[in-house]
Amino acid sequence: MNKFCNFFKSHRIISNLLLMLIVSFILFIVLNVWLNTYTRHNDLTTMPSVKYLTVDEAAEVFARHNLRYEIIDSVFNDRATPGMIVEQIPAADTKVKEERTIYLTINAYSPKTAKIPTIINTSIRQAEAQLKSVGFRNIDIRYEPSPYKGLVLDVKHDGHSITENERIATTSRITLIVGEGEKEPETDSVTTEVPDEEIIVW
């Protein structure tokens, strides 16, 4: 034992390196145990399915699994129950940690609305692009006689004209009245008789 102690006393560099390795190993063990405890590394639960439930029903399910939730988006489907959950992240049956926040998308109680942009006297392509950019998808085109070919003359919904900035549901069907240009006047076909060429005999 004395020889061992004397060896380290006479070799300070080796003894210091060995001491650093021992301290580093102890710190690694302590840190690993603390991280597992803090992050609950093995404390997982199976993500339940809450699709087609109401938010109140889903809240009860999350409470039993020690999970949190947050509504991040809504869509409108008139065939689904208003307030019903239509999407969840993470998906059902995946492994998640307790107290994890689950993100939900619900079916809105009413359709989303948007203002009609300024599209009168714009091209049909530009008008469609502007309508789609604010959420309108049900767009019909109806052509009417007009010297302004391809320009939007009017915007209608349920047979009535819609003014710009008027707010309606984005699920509404919109009809664009577009000029088809002036038609070319019809000309009567005239048959002109061409006389036979005279035959000249030399």
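Residues numbered from 1 in each chain as written. Predicted model: local features only at pLDDT ≥ 70, side-chain atom pairs only at ≥ 80, totals over all residues. Heavy atoms only, no water.

### Some thoughts on the nonpolar core
Residues Ile116, Leu131, Phe136, Val155, Ile174 and Leu176 are the most contacted members of the largest nonpolar core, which totals 15 residues. Apart from residues lying up to four places away in sequence, Ile116 is in contact with Leu131, Phe136, Ile162, Thr163, Glu164, Asn165, Glu166, Ile168 and Ile174. Among the nonpolar cores identified, the runner-up in size contains 12 residues, and Met47, Val96, Ile102 and Leu104 belong to it. (Core = buried A, V, L, I, M, F, W, Y, C linked by side-chain atoms within 4.5 Å. Buried < 20%, exposed > 50% of the residue type's maximum accessible area, 1.4 Å probe, protein only. Contact = heavy atoms within 4.5 Å.)

### Some thoughts on the pattern of salt bridges
Pairs can form between side chains of opposite charge once their charged atoms are near each other. Throughout the structure, instances matching the rule amount to three salt bridges. Of the charged contacts, one joins Arg68 and Glu99 as a salt bridge, the two residues approaching to 3.7 Å between their closest N and O atoms. Of the two residues, Arg68 is situated in strand 2 (residues 68–75) and Glu99 in the loop between strand 4 (95–97) and strand 5 (101–107); the sequence distance between them amounts to 31 residues. Looking at Glu99, the relative accessible area reads 35%, which means it is partly exposed. Between Arg142 and Glu144 there is a salt bridge, with its nearest N and O atoms 3.0 Å apart. Under the relative-accessibility criterion, Arg142 is labelled partly exposed at 39%. (Salt bridge = Lys/Arg side-chain N within 4 Å of Asp/Glu carboxyl O. Helix = DSSP H or I, 4+ residues; strand = E, 2+ residues; numbered from the N terminus.)

### Some remarks on the sheet that holds strand 2
With mixed pairing, the three strands of this open sheet are ordered in space as 2-5-3. The open sheet terminates on both sides in strands that have one partner only, identified here as strand 2 and strand 3 (85–89). Taken over all neighbouring pairs, the strand axes of this sheet differ in orientation by 25° on average, direction set aside. Across seven bridges, the pairing between strand 2 and strand 5 is parallel. If you follow Arg68 over to strand 5, its bridge partner there is Thr101. Packing against the sheet, helix 3 (residues 55–64) makes contact with strand 2, strand 3 and strand 5, and its axis sits at approximately 155° to strand 2. (Pairing = 2+ DSSP bridges. Axes fitted to C-alpha atoms, helices over the stretch in contact; angles between N-to-C directions.)

### Focus on the pairing of strand 11 (residues 174–179)
Here is the key point about a regular strand: its side chains alternate between the two faces of the sheet. Counting buried positions over the six residues of strand 11 gives six, a clear majority of the element. Side-chain alternation along strand 11 places Ile174, Leu176 and Val178 on one buried face and Thr175, Ile177 and Gly179 on a second face that is also buried. Sheet analysis places strand 7 (residues 139–144) next to strand 11, joined by six bridges and oriented parallel. Within strand 11, the position partnered with Ile141 by the bridge is Leu176.

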